[in-house]
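# Coordinate analysis (summary)
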Amino acid sequence: MQVGSEATFNVADATIWENIERIAKTTGNFNLPDFKKQAGYEYCTDKFSLGGFTKMAGKEVPSVRIQECPIQIETSITELSIRSDFAIIECEIKGIFVDEKILYDDSHIDVNNSFPGI
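What you see is a predicted model; the values in this text were computed from it and never measured.

## Side note on the pattern of salt bridges
- Within the structure shown, the criterion is met by three salt bridges.
- Between E74 and R65 there is a salt bridge; the shortest N-O distance is 3.5 Å.
- Where K94 meets E92, a salt bridge forms, and the shortest distance between an N and an O atom there is 3.6 Å.
- Classification of K94 by relative accessible area gives partly exposed; the value is 38%.
- What makes E92 partly exposed here is its relative accessible area of 41%.

## Section: the pairing of strand 7 (residues 87-98)
- Pairing of strand 6 (residues 71-82) with strand 7, which is carried by 11 bridges, proceeds in the antiparallel orientation. Among the inter-strand pairings, I77 is bridged to a residue of strand 7, identified as C91.
- With antiparallel pairing between neighbouring strands as the criterion, strand 6 and strand 7 make up a hairpin whose turn holds four residues.

Definitions and cut-offs
The numbering scheme is per chain: residues are counted from 1 as the chain's sequence reads. Local features in this predicted model are restricted to residues whose pLDDT is 70 or higher, and side-chain atom pairs enter the listing and the counts only when it is 80 or higher, whereas totals over whole chains, interfaces and linings include all residues. Excluding hydrogens and water, the side-chain values take into account all heavy atoms of the structure. Take a side-chain nitrogen of Lys or Arg and a carboxyl oxygen of Asp or Glu: if they are within 4 Å of each other, that pair is a salt bridge. Burial classes follow relative accessibility: with a 1.4 Å probe on protein chains only, a residue under 20% of its type's maximum area counts as buried, one over 50% as exposed, and anything between as partly exposed. Pairing between strands is defined by DSSP: at least two bridges between them are needed. To qualify as a helix, a DSSP run of H or I must reach at least 4 residues; to qualify as a strand, a run of E must reach at least 2; elements of each kind are numbered from the N terminus.

So this is what it looks like as structure tokens:
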């Protein structure tokens, strides 16, 4: 990640937790660092297929959205502060996409209906 690049935050709900668990210990990086190897991570060429997710093209940025996630937030990265073992990433929201089934009205999410199974 770097300033000027884009990112999409795909917010999952409890209905797809098993899909997420299938990809939890995988990485798309062929060169696994030792700490990931020791933690049991494996290389995966296609995490979308493994997780049973459907790719959707971004609308406001060129990153990928996950169709099964009820909320998708497209952003561009504006600030990046790297610390010793983590980074603080600031983003500007470019687009928010919400499944109509969890909307209360045109501008509010129905928090009682947003994340079934929780």
